[in-house]
Amino acid sequence: MAAREQAAGVHPAAANAEPILDVDGVTLQYKTKEHLITATYRVSLQIYPADRFVLLGPSGCGKSTLLKGVAGYLKPVEGEMRLKGRTIVEPGPDRVMVFQEFDQLLPWKTVKQNITFALLNGGRCENKNQANEIAREYIHKVKLDRFEDTYPHMLSGGMKQRVAIARGMAMEPDILLMDEPFAALDALTRRQMQEELLQLWEDTHFTVLFVTHSIEEALIVGSRVLVLSPHPGQVKAELNAHHLGHTNVGDEAFAALQKRIHDMLFADRILEEEVVAHV
Amino acid sequence: MSETGARLYLRPEYENSEIGAADHGDVERVLPLFERVRNINAVRKLSIVVGLVVLWELYTNVGGVSEYILPPFSSTGAALLDALWTENLLSMIGNSIAVLLTGYVIGIIIATVLTTLAVTSRFGSDLLGTLTAMLNPLPAIALLPMALLWFGLGADAIVFTLLHSVVWPVALNTHTGFLGVSDTQRMVGRNYGLRGITYVTKILIPAAFPSILTGLRIGWAYAWRTLIAAELVFGGSIADTAGTSSGGLGWFIFANQMDLRIPYVFAGLFSVIVVGVLVENVVFRKIEERTVARWGMQIQ
Amino acid sequence: MSTADPQARELPEIYIRPEFVADDIGEAVISDIARPLSLFERLWDNNVVRKSSILLGLVVLWQAYTVIFDVEPLMFPRFSDSAVALWNALVYGDLPSKIWFSIKVLIYGYSAGLAIAAVLVLWATASRIGSDFLATVTAMFNPLPAIALLPLAMLWFGLGTASLVFVLIHSVLWAVALSTHNGFMAVSEPLRMIGRNYGLTGIRYVAKILIPAAFPSILTGMKIGWAFAWRTLIGAELVFGASSGSGGLGWFIFEGSQNLETADVFAGLFTVIVIGLLVENVIFRNVEARTIVRWGMSRS
């Protein structure tokens, strides 16, 4: 299908293991009122433990649809997705999702109860005491100790997302799925949340699959970036970004990579008008 | 912008070193007592009620209105006390409410079954939608003649009629509520591995609770109206067969109107209002406070 | 596996692997990125098609059941008999004039109720005492079933249309006033401030800002008011029938049940349903389509 090119900056591979998530030639489709839409076309990727793997692309590249496929809400039309060797067939607590919308928190449960609900129903905990302990631990990690008995509607957007992240991490899933979780936040809060996410990662090196349409966010948050081109979504490139963070934002190297990705996406393809709902 | 427009006036910077409590006094101050009392809703509304009662009493005593048209408040009050004490009004009300509760509870159960069916399959959803659309516009009271035919002259006929007035609003609102649960919350539930019954009870029902509560409220309102109406009509049907009056509030009103004991009619109406207000503002509001309001949820 | 001290555990390292870039992305082999759904898929997706099929199925079941089990037509007539009775009553009988009678009375009561509601709401918007008055009076009278007022109304206005209209006004007034008032109260601050920004006050403010902004609530209130009015009307005509009243659709049903012409009763019920459906799905939906749906304010 396409020639692969080794870009500059190759590092010797660590003595590592099997991929934790294997997406193999996956084509995803969905129906709207009048059409059948192909969201992604024969996409392949491998995610390894401790990866901060980012799906990056403009609207219509299928990144959110791909994430939902990994989560198990959609079955691929072609190809297969395997988590730790087992084919993914339905949603489950081994792939916990953090959504973009604020109403992902159950409004009838307090902050702490939202987490214990996940722990008890997702089979992570057997009894309430254990669940409460773990919940408190993660509430502490996201610095919301004072709000553990508060109902979500009283929290700000950033706080709600922190609860959602705490809830996701407390489940200790094989892979944490994040669908543009910071997109609905204001710029300052977003930057703060990115920093906090990276700090949380430093703590336990969890594996995360993160979707964004912002090149800058991809390079800051991600260690490995998969660039998808739109209509339908296909793999354009996989790049390393593990060496980049907030401190590099002004640097030449950062800017160069940003430009490179930008050109990949917008220079060699004519931008089509979006006919259908974005993915 | 014009060529000869204003130019930027560069002026020196400055910074205030000391920002202290200064002389502005309290940022918050308590209102005087009178204003605070006036701000209490209950106080204002009670004053209005008292005012209306006074007007009522004055009008009937001064205006020379026939007491068969509008009895004074005082004689209505006396009739009410008399009915409560000597005429078993309380047990009549109890009878009415017992019949109502029977119909209400059975109606909720039927509505739950229908809605569960509707949630699990598109056919069930269509069936519910069709049945509701057809039968909801039918006033329950119109079924009463037939119910009497099928179930005989007894409470069963009334319960059947009540079922009709409860099932459709409850099922409709619950179903709408379920449909209105955001996709995100559904996905969260499935993400934790929730399926089937646990999915419905742990995600759908709480998320749809504002709509469910609205449905329960409307169902209650329809049932109460239908009950009183049925007892009025029913009372008429069995007025001739002496003795067997199980008697409810509606029958009390009807019978007293036949006997032209108007203060007692008013007393009966007043009781109808009190029961309605109690259930609405005490029972349902309490439930609302502890659930919908506390969770900050609005009706979709 | 609980989170032990992270320092003590061996954390997995990032696996740094070579980058790659696809220099040429070929055309997707799947023929269309988007393909239209087949005719059957779209047809079955159509609500009307599915629901009509269900209705048809129910009718077939009805007829089959009554024929096969030879059900006593007095208890439960066949679909065919009911259809014939309806046809006869419409074409040869006086059903059309009875329908018209009911609708006429309904229109009188509904419009009068709307007018009074408008006055109350305007007063409530203009002053706090008006708002309190509305809230108090609504809370008192809303729980009172209009039917319970019928004996009183008959006493005051006699066995004529006036009683019916009085009772109808009661059933419409509170729902409409309450919904409208709540709708007005819920109009967002920014919208109100804009109105005042343009110098709008008084009636113009109400007409140009409050009413459009609160239109969904107003429409809901009018729908509920209609539903209550229709039920009350049929019920009242039934009760009237018990006291030898005049002619309307409810009275037609009552007569049918008295004469044990169950097929007529079913025909009458069917007519009640159809009218209810027409008003809700044609009249109200049309109004909704031209207003709140077009303005993107509908909550469906």
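**What to know about the domain arrangement of chain A**
Residues and elements named next belong to chain A. Domain parsing of chain A yields domain 1 (26–94 + 173–279) and domain 2 (106–172). A C-alpha centroid distance of 25 Å is found between domain 1 and domain 2. Taken together, the 13 residues of domain 1 in the interface contact 12 residues of domain 2. The dominant element in the side of domain 1 that touches domain 2, judged by the number of residues it contributes, is helix α5 (residues 187–204), at 5 residues. Grouping the amino acids of the side of domain 1 that touches domain 2 by side-chain chemistry returns 11 nonpolar, 2 polar and no charged.

**Quick look at the nonpolar core**
Taken as a class, soluble globular proteins show a tendency for nonpolar side chains to be buried jointly. Counting residues in hydrophobic clusters, the biggest one holds 223 residues, and the most contacted among them are Ala170, Leu177, Leu226 and Val227 of chain A together with Leu168 of chain C. In terms of residue count, the dominant contributor to this core is helix α10 (residues 209–237) of chain B (16 residues). Structurally, this core is a two-domain feature, drawing no fewer than three residues from each of domain 1 (26–94 + 173–279) and domain 2 (106–172) of chain A.

**Let's talk about helix α3 (residues 128–141) of chain A**
Residue and element names in this part refer to chain A. In this model α3 runs 20 Å from its N-terminal to its C-terminal C-alpha over 14 residues, within 8% of the 20 Å that 1.5 Å per residue would give. Taken together, the buried positions of α3 are Ala131, Ile134, Ala135, Tyr138, Ile139 and Lys141. For α3, the arc enclosing every buried residue in end-on projection is 150°, short of the 170-degree limit, so these residues lie on one face. Of the residues in α3, the exposed ones pointing more than 90 degrees away from the buried face are Asn129 and His140. Phi turns positive, to about 60°, at Lys143, one or two residues after α3.

**Focus: the interface of chain C and chain B**
Tallying the contact residues gives 39 residues for chain C and 39 residues for chain B. Contributions of two or more residues to the side of chain C that touches chain B are made by α2 (47–68), α5 (128–141), α6 (146–157), α10 (215–242), α11 (249–258) and α12 (262–293) of chain C. Residue composition of the side of chain C that touches chain B, grouped by class: 28 nonpolar, 5 polar and 6 charged.

**A few points about helix α2 (residues 111–121) of chain A**
Across the 11 residues that make up α2 of chain A, a large majority, 9, are buried. When we look at burial in α2 of chain A, the residues that qualify are Val111, Lys112, Asn114, Ile115, Thr116, Phe117, Ala118, Leu119 and Asn121 of chain A. In the core, the buried residues of α2 of chain A are packed alongside α3 and α4 (157–170) of chain A together with α9 (196–207) of chain B. Gly123 of chain A sits one or two positions beyond α2 of chain A and adopts a positive phi of about 80°.

**Some thoughts on the confidence of the model for chain A**
Residues and elements named next belong to chain A. Confidence along chain A averages 86 in pLDDT terms, with 89% of residues attaining 70 or more. Mean pLDDT per element in chain A: strand β1 (residues 4–5) is the minimum at 36, and strand β9 (residues 208–212) is the maximum at 96. Contacts from residues 1–13, a stretch scored under 50 in pLDDT, to residues over four places away or in other chains number 23 contacts. A low-confidence stretch, residues 270–279 stays under pLDDT 50, and its non-local contacts, those more than four residues away or across chains, total 18 contacts.

**Some remarks on unusual backbone geometry**
Between His231 of chain A and Pro232 of chain A the backbone carries a cis peptide bond, its omega angle lying at -10°. Structurally, the position occupied by Pro232 of chain A is in the loop between β10 (224–229) and β11 (234–240). You will see that Glu172 of chain A, though not glycine, has its phi angle at about 45°, which is positive. Mapped onto the secondary structure, Glu172 of chain A falls in the loop between α4 and β8 (175–179). Residue Glu172 of chain A is classed as partly exposed on the basis of its 19 C-beta neighbours within 10 Å. Its identity as a non-glycine residue notwithstanding, Asp70 of chain C has a phi of 45°, on the positive side.

**Observations regarding the interface of chain A and chain B**
With 21 residues of chain A in contact, the opposing surface of chain B contributes 16 residues. Mapped by element, the contributors of at least two residues to the side of chain A that touches chain B are β7 (95–98) and α2 of chain A. Classifying every residue of the side of chain A that touches chain B gives 13 nonpolar, 6 polar and 2 charged.

**Quick word on the pairing of strand β2 (residues 21–31) of chain A**
Residue and element names in this part refer to chain A. Where β2 lies against strand β3 (residues 35–47), 8 bridges are found, and the strand directions are antiparallel. The residue bridging Asp22 from the neighbouring strand is Gln46, located in β3. Here β2 hands over to β3 after 3 residues, the two strands then running antiparallel side by side. Looking at chain direction, β2 and strand β5 (residues 78–83) are connected through 5 bridges and run antiparallel.

Parameters and conventions
In every chain, residue numbers begin from 1 and rise along the written sequence. The naming scheme follows written order: chains are lettered A onward, ligands numbered 1 onward. Given that this is a predicted model, residues contribute local features only at a pLDDT of at least 70 and side-chain atom pairs are listed and counted only at 80 or more, while totals for whole chains, interfaces and linings are drawn from all residues. Boundaries between domains were set according to an automatic or database domain assignment. Any pair of residues counts as being in contact when their C-beta atoms, constructed from backbone geometry, are within 7 Å of one another. Helix and strand labels come from DSSP, where a helix needs a run of H or I of at least four residues and a strand needs a run of E of at least two; each type is numbered from the N terminus. Here the nonpolar group is Ala, Val, Leu, Ile, Met, Phe, Trp, Tyr, Cys and Pro; Asp, Glu, Lys and Arg are the charged ones; every other residue, Gly included, is treated as polar. Remark: nonpolar core denotes a set of buried Ala, Val, Leu, Ile, Met, Phe, Trp, Tyr and Cys residues whose joining runs through C-beta atoms within 7 Å. Note on burial: count the other C-beta atoms lying within 10 Å of the residue's C-beta; 20 or more is buried, 12 or fewer is exposed, in between is partly exposed, and C-beta positions come from the backbone. The span you would expect from a helix comes to 1.5 Å times its residue count less one. The directions considered for the arc are those from the helix axis to the C-beta atoms. Every residue gets a pLDDT, meaning the predictor's confidence in that residue, from 0 to 100. A pair of strands is labelled paired if DSSP reports no fewer than 2 bridges between them.

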